[in-house]
Amino acid sequence: MKAVSCEHGNLSVVDLATPQPARGQLLLEVRRCGICGSDLHAKDHADELTGVMDEMGYPDFMRGDTPVVLGHEFCGEVLERGRGAAKEFKAGTAVVSFPLLRASGGVHLTGLSPLAPGGYAERVLVEAAMSFVVPNGLDVDTAALTEPMAVALHAVRRSEIRRRDTAIVIGCGPVGLAVICHLKALGVQTIVASDFSTTRREMASLCGAHVVVDPGVESPYAATEQSGAITRAPELYELGVGSMEKLRRLPGWSHLYRMADAVGAASPKRPVVFECVGVPGVIDGIVGAVPVQTRVVVVGVCMGTDAIRPAMAIGKEIDMRFVFGYTPLEFRDTLHMLADGKLDASVLVTGTVGLNGVARAFEVLGTAEAHAKILIDPRSTAVAP
């Protein structure tokens, strides 16, 4: 079979043996596979993450000097069913799969380990237990978005955002756009999107952002003019002293304070910020700019070393949450939200290439602003998106 191999930062089409499904596995014909931002980073910087993955107990993560077939955002059709795989996975059935594979005595990251080749290929192995039949005749382009949209769903759920909260999305690449789509589906009333790119700001509006900001011109944190938000320490101190001056005039003031605290009225207003860039310095910049007690959800994957000023985060009581991946239920729910029309991610797909066009697609995604998600169609002869 044909596949795209990545080695020493080079992408090339190679011939590989077609894998055979083991017990409980499926062999899929890949219909679409998305190019993820983590693929772009891993192509040239996988070795920067090798040490981290070793410390986490996973020494089989991809390395620059070892060939690997990337691709963990795919949709395919069942070609062959291994022993023990459920009968619902009949030949020709369209499925999407959680990118984890049993191989070589362990469970490996599909498309991010040489032990689990990914979807930049004509065929890919998946676990039947982690695969889901595509419902409602959902098209393969949209079905292939299940994985990145599940990442965004997990981030939004971990944020515990409420509809009346203000959401601020920093970075409107595919991850940021996916987060905006989920915020819209949830019914969040104020969604602010920030990106230097005019094209990506336009995409953010189409995905559901109510306010779009060029951070080179305007602060996304000031754009909403959220009443009650505090960004400077003296304002916080004044709130504390001024509130107590008023409360202490009332009998039973501590009970009133306790009641206000229980319903969230005793704390300053704060947004929920989604960091979707993954570049060193962005997290610290957010911490320095956001209002007091802001919740920051870090979705962008920074593969290098970064630094923050803990005293700044402590002084502002920043609530910072790091997210990774999704649960099997979130993966399944995302697929059905897409198929039921409850989640619209159509804006994300901006181009398609065949296997011979993958290297060019990486170049385009690394330099141009016109694309969000480029899909790979192994049947296509297109060499440019």
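Residues numbered from 1 in each chain as written. Predicted model: local features only at pLDDT ≥ 70, side-chain atom pairs only at ≥ 80, totals over all residues. Heavy atoms only, no water.

**Comments concerning the sheet that holds strand β10 (residues 166–170)**
Then comes step 1: Read across the open sheet, the six strands follow the order β12-β11-β10-β13-β14-β15; overall the sheet is parallel. A single partner strand is all that each edge strand has here, and the edge strands are β12 (211–213) and β15 (319–322). Across this sheet, the average inter-strand angle for adjacent strands is 20°, counted without regard to direction.
Then comes step 2: Across the sheet, helix α3 (residues 146–159) lies against β13 (272–275), β14 (295–298) and β15, angled at about 150° from β13, the strand it touches most.
Then comes step 3: Where helix α8 (residues 282–289) meets the sheet, it contacts β10, β13, β14 and β15, and its direction lies at approximately 165° from that of β13. (Pairing = 2+ DSSP bridges. Helix = DSSP H or I, 4+ residues; strand = E, 2+ residues; numbered from the N terminus. Axes fitted to C-alpha atoms, helices over the stretch in contact; angles between N-to-C directions. Contact = heavy atoms within 4.5 Å.)

**Details of the domain arrangement of the chain**
A common way to express how large an interface is: the accessible area buried when the components associate.
Then comes step 1: Domain parsing of the chain yields domain 1 (2–133 + 345–376) and domain 2 (149–322).
Then comes step 2: Across the boundary between the two partners, domain 1 contributes 15 residues, which contact 15 residues of domain 2.
Then comes step 3: Buried surface at the junction of domain 1 and domain 2, both sides included, amounts to about 1,200 Å², of which 72% is carbon and sulfur.
Then comes step 4: Of all residues in domain 1, V347, L348 and E369 give up the largest surface area on contact with domain 2, accounting jointly for 40% of the area buried on that side.
Then comes step 5: Counting across the interface, domain 1 meets domain 2 through zero salt bridges.
Then comes step 6: Counting the contacts that link domain 1 with domain 2 gives zero residue pairs in polar contact (both at pLDDT 80 or more).
Then comes step 7: Here the side of domain 1 that touches domain 2 takes six residues from helix α1 (residues 37–55), the largest share from any one element.
Then comes step 8: Grouping the constituent residues of the side of domain 1 that touches domain 2 by class yields seven nonpolar, five polar and three charged. (Domains from an automatic or database assignment. Buried area = accessible area lost by both parts, 1.4 Å probe. Salt bridge = Lys/Arg side-chain N within 4 Å of Asp/Glu carboxyl O. Polar contact = N/O pair within 3.5 Å; in protein donor to acceptor, adjacent residues only side chain to side chain. Nonpolar A, V, L, I, M, F, W, Y, C, P; charged D, E, K, R; others polar.)

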